[in-house]
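In case you want the letters, here they are:
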Amino acid sequence: MTDHVSPGRAVRRAALLAAGVLLPLPVLAGCADDDGGGAAGLAQDIAAAPRGRVANGGTVRWAVDALPGTLNAFHTDADRATTQVTGAVLPSLFTLDRTGTPQRNADYLTAADITRREPRQVVVYKLNPKARWSDGRPIGAADFLAQWKALRGTDHAYWTARNAGYDRIAQVEQGAGPHEVKVTFARPYADWQALFTPLYPKSVMENADDFNDGARDRLPVTAGPFAVGDRNSDDGTLTLERDRHWWGAPAKLDRLELRAVARGKRAEALSSGDVDVAEIDATVAKKIDQASGGAAPAGVPKSVHAGNAGAQAGAGEDTPRGEVAADAVRAQAAARGSEAAAAEARAAAALKTLRGYTVRRALQPAYTQLALNGGSGPLADNRVRRAVARAIDRQTLADTVLKPLRLPATTPGSHLLLAGQEGYADHSDAVGGTDTDAAKTLLADAGWRSGRDGRTSPQPAHGDAQAGHGGAPGDAAAGGPEKAGEQIAARAPAVKKSGRPLTLRFVVPDGPASAELRTVGHRIATMLSRIGIATAVQKVADDRYFQDHIEAGDYDLALYSWPGTAYPSTDARPVYAKPQPAPDGSLRVGQNYTRVGSDRVDQLFDEAVSDLDPKAAREALNKADARIWAAAGSIPLYQRPELVATKRSLVNVGSFGFAAPRFQDIGYAK
């Protein structure tokens, strides 16, 4: 049976997360140390500074995975870079604070409230009278009207990523005054604050051609602290320039330059000083930490790093440590061959450059989950899925990923909200904690029992899988053998049914950015082996992982992540909605890639999104989350780390957590 999936921003974001790449995502704010480095593992780490301590001028070069495929955030081709650009150049009526709570943006709104609930919900937006597009036209009802018509889903000529919320609106019109917009809903919509952000000028939204292709690489009309400048596809750069038409607090920087730098090339770009801000992985973060005073980074000669030792090399003098190290290298190199001298000189220069950066670290508003494909095979049985869930020690997995990064290793207790968000509650007890005996009992109830001799030799479940080395978890990530497929045999007596052993195919991405997922995958395979489940680990190319396997349902077990959201009633519903049969006999799964759902969960989401009482809406979401846990289609493992390298002199930038960046406040400390 062919499965149908729904396109949309959530699909693209999940794909990025699946490959170990990603998004902007706890609760307490950290205290910064003297050099601006934040305490680890908090809601955000951005070297926060008041505007009075930020210098005027300068450029920040910000690494992105790729230049935006479009500047239309509602287009099917929108990506992370699109969101970054629109946050700096277009109106965001509500922005998120560090706890993921929507806050009215006073630059654009003086008020926005539900003014009537019966017989229909009415929201009135009161616009800041100073708010104007860069062509001088006031922001007004015509822009709201054009955006609603483009996104409501009735005109299929528009290549929209999603229509949620806009499809509930009955009318958009001018309010009582020139700066008021009145929106009347056909059906109640609790997440109304998510609408009209970003807000586009009517020139982008009024016709399908302009919507689809007119904003691919330019936005001639904007309304933010920055405006879109030059794009150089050959150099992989897009420049945002301070907008002189902006009525709010002016941007501190002259310009922001987005630079396309692949994840695997971030270390090189930082070592050469080619970027000022870059999201990085744990390996690069370790190099920067070591360069700032720890052990020698991998690949750097000890003689180069010796300048870090301090007391004998200029202690008490004003000479920077990097210069001391470089001088030491030059002196030592005089007695060596030119090739060795050049190599050490390059290493010294790179080390000195890396010392100019610091690592900002927090937890992303996104969690990595173990997905169990309930569409077919053994995992179609809820008892088998629950057995898998109870065999896994989530705390050990969280410790493995987060403790080395000095981040709090707390396991998520909800699929729908993250710790620190209002209404968060831990419902993981609906499936139960780690208990191998209980897991074995569930397997036995499902007909999977140990063989008479207590052991079997399970066969790979996929043609690519080969008998593996059966080594410790994480061997692959640590430099052990990398194979197209690898068998993790059951350590406990293997379970079988009708003479067939239980072997699950575990698909993992094989790229360098996905080492964390492979390590976690091997640890999970070992945990499952203790209850008699064997796994056939199949490594696949990063660029095929999501489309060919997760989206297509070609896996038993997989690891990927979902971003957190301030609007779970809207954003999480398609992720957990019950797949529905299509007229042609296929299965419409939407974005529910585990193929596990229920009518009751769908009903609870519908109740939550339609209830204008926030407390009642949260109660419905909590009930839905408990049922999602009990269904065991997905098991949240840990909140993803967010590691960002920034120049030490930069403030108000780094690991933002849930909070929306205030681009106008980013700059260099005075």
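On a predicted model such as this, the values are computed, not experimentally measured, just so you know.

A. Up close: the overall build of the chain. A count of helices and strands for the chain gives 19 helices and 25 strands. Summed over its atoms, the accessible surface of the chain is roughly 27,200 Å², and 48% of this surface lies on carbon and sulfur atoms.

B. Focus on unusual backbone geometry. Between Glu118 and the following residue, Pro119, the backbone shows a cis peptide bond with an omega angle of 0°. Residue position: Pro119 is located in the loop between strand S5 (109-116) and strand S6 (122-127). A cis amide bond, omega -5°, links Thr197 with the succeeding residue Pro198. Note on placement: Pro198 falls in the loop between strand S8 (180-185) and helix H4 (202-205). Even without being glycine, Arg595 reaches a positive phi, approximately 60°.

C. Layout of the pattern of salt bridges. Overall, the coordinates contain 24 salt bridges when judged by the stated rule. One salt bridge in this structure joins Arg259 and Glu257, with 2.4 Å as the shortest N-O distance. Taking relative accessible area as the criterion, Glu257 reaches 15% and is therefore assigned buried. Between Arg505 and Asp554 there is a salt bridge, with its nearest N and O atoms 2.4 Å apart. Here Arg505, found in strand S18 (residues 503-509), pairs with Asp554, found in the loop between helix H15 (542-550) and strand S20 (557-563); they are 49 residues apart in sequence, far enough to count as distant. Judged by its relative accessible area of 9%, Arg505 is buried. Its relative accessible area of 30% is what places Asp554 among the partly exposed residues. In the salt-bridge network here, residues are joined through shared partners; they are Asp65, Arg80, Arg263, Arg266 and Glu279.

D. Representation of the pairing of strand S10 (residues 237-242). Sheet topology note: the strand S9 (residues 226-232)/S10 ladder contains five bridges and is antiparallel. Pairing of Arg231 across the sheet is with Leu238, part of S10. Counted along the chain from S9 to the antiparallel partner S10, the turn is four residues long, and its residue Gly236 has a positive phi close to 70°. Pairing between S10 and strand S11 (residues 255-260): five bridges, direction antiparallel. Paired with Thr237 across the two strands is Arg259, which belongs to S11.

E. Region of interest: the sheet that holds S5. With antiparallel pairing, four strands are arranged side by side in an open sheet as S5-S6-S8-S7. In the strand order of this sheet, the two ends are held by S5 and strand S7 (169-174), each with one partner. In this sheet, neighbouring strand axes are inclined to one another by 15° on average, regardless of whether the strands run parallel or antiparallel. Bridge count between S5 and S6: six bridges; the pairing is antiparallel. In the sheet register, Arg116 faces S6, and the bridge partner there is Val122.

F. Inspection of helix H12 (residues 394-402) at higher detail. Along H12, the positions that sit buried rather than exposed are Arg394, Leu397, Ala398, Val401 and Leu402. Taken down its axis, H12 places every buried residue within 110° of arc, on the same side. Next to the buried residues of H12 lie strand S13 (357-372), helix H14 (515-529), helix H19 (614-631) and strand S23 (634-647). Between a side-chain oxygen at the N-terminus of H12 and the backbone nitrogen of Gln395 the separation is 3.2 Å; the capping residue is Asp393.

G. Spatial organisation of the sheet that holds strand S17 (residues 500-501). The antiparallel open sheet is built from three strands, whose spatial order is S14-S16-S17. Only two strands of the sheet have a single neighbouring strand rather than two, namely strand S14 (449-450) and S17. With two bridges joining them, S14 and strand S16 (residues 495-497) adopt antiparallel strand pairing. Residue pairing across strands places Ser450 opposite Val495, the latter belonging to S16.

H. A look at helix H11 (residues 382-391). Here H11 lies mainly inside the structure; seven of its ten residues are buried. For H11, the full list of buried residues reads Val384, Arg385, Ala387, Val388, Ala389, Arg390 and Ala391. Of the surrounding secondary structure, the elements contacted by the buried residues of H11 are S13, helix H13 (436-445), S18, H14, H19 and S23.

I. Focus on the pairing of S23. Counting buried residues along S23, 13 of its 14 residues qualify, which places the element largely inside the surrounding structure. Taken together, the four bridges between strand S12 (residues 277-280) and S23 define a ladder with antiparallel strand orientation. When the sheet's bridge partners are listed, Ala278 is paired in S23 with Ala645. Sheet topology places S13 next to S23; twelve bridges connect them, and they run antiparallel. Looking at S23, one finds that Arg361 is bridged to Leu643.

J. Main features of the packing of aromatic side chains. Within this structure, the stated rule accounts for 18 aromatic pairs. With 6.1 Å between their ring centres and 65° between their planes, Phe74 and Tyr200 make a pair best called edge-to-face. Taken together, the residues span a long stretch of sequence, with Phe74 in the loop between strand S2 (59-64) and helix H2 (80-89) and Tyr200 in the loop between S8 and H4 at a distance of 126 residues. By relative accessible area, Phe74 is classed as buried at 4%.

K. Region of the structure containing the confidence of the model for the chain. Across the chain, pLDDT averages 85, with 82% of residues at or above 70. Here residues 7-41 is modelled with pLDDT under 50, and outside its nearest four sequence neighbours on either side it reaches 114 contacts, counting other chains as well. Low pLDDT, under 50, characterises residues 295-322; the predicted model gives this stretch 43 contacts beyond four residues in sequence or across chains.

L. Geometry of the packing of H12 against H14. The N-to-C vectors of H12 and H14 enclose an angle of 155°; their axes lie 11 Å apart at closest approach. Regarding the angle of H12 to H14, the classification is roughly antiparallel. The way H12 lies across H14 gives a crossing that is right-handed. Contact with H12, carried on its side by Thr396, Leu397, Thr400 and Val401, involves Glu516, Thr519, Val520, Arg523, Ile524 and Met527 of H14 and no other residues of that element. Of the residues contributing to the contact of H12 with H14, the split by class is five nonpolar, three polar and two charged.

M. Representation of the environment of Pro50 within the structure. Looking at the element boundaries, Pro50 is found in the loop between helix H1 (9-18) and S2. Spatially, the C-alpha atoms of Pro50 and Asn652 are 8.7 Å apart, while their sequence positions differ by 602 residues.

N. The arrangement of the packing of helix H18 (residues 599-610) against H19 in detail. Running from N to C, H18 and H19 cross one another at 160°; their axes reach a closest spacing of 8 Å. Taken together, H18 and H19 sit at an angle that is classed as roughly antiparallel. Crossing geometry of H18 relative to H19 is assigned as left-handed. Only Ala617, Ala620, Leu621, Lys623, Ala624, Arg627 and Ile628 of H19 make contact with H18, whose side of the interface consists of Arg600, Val601, Leu604, Phe605, Glu607 and Ala608. Across the contact of H18 with H19, the residue classes break down as nine nonpolar, no polar and four charged.

What counts and how
- Residues numbered from 1 in each chain as written.
- Predicted model: local features only at pLDDT ≥ 70, side-chain atom pairs only at ≥ 80, totals over all residues.
- Heavy atoms only, no water.
- Helix = DSSP H or I, 4+ residues; strand = E, 2+ residues; numbered from the N terminus.
- Areas by Shrake-Rupley, 256 points an atom, 1.4 Å probe, with all protein chains shown as cover.
- Salt bridge = Lys/Arg side-chain N within 4 Å of Asp/Glu carboxyl O.
- Buried < 20%, exposed > 50% of the residue type's maximum accessible area, 1.4 Å probe, protein only.
- Pairing = 2+ DSSP bridges.
- Axes fitted to C-alpha atoms, helices over the stretch in contact; angles between N-to-C directions.
- Arc of directions from axis to C-beta.
- Contact = heavy atoms within 4.5 Å.
- Polar contact = N/O pair within 3.5 Å; in protein donor to acceptor, adjacent residues only side chain to side chain.
- Phe/Tyr/Trp six-rings, centres within 6.5 Å; stacked < 30°, edge-to-face > 60°.
- pLDDT = per-residue confidence, 0-100.
- Parallel < 35°, antiparallel > 145°, perpendicular 65-115°, else oblique.
- Left-handed = near helix turned anticlockwise from the far one by under 90°.
- Nonpolar A, V, L, I, M, F, W, Y, C, P; charged D, E, K, R; others polar.

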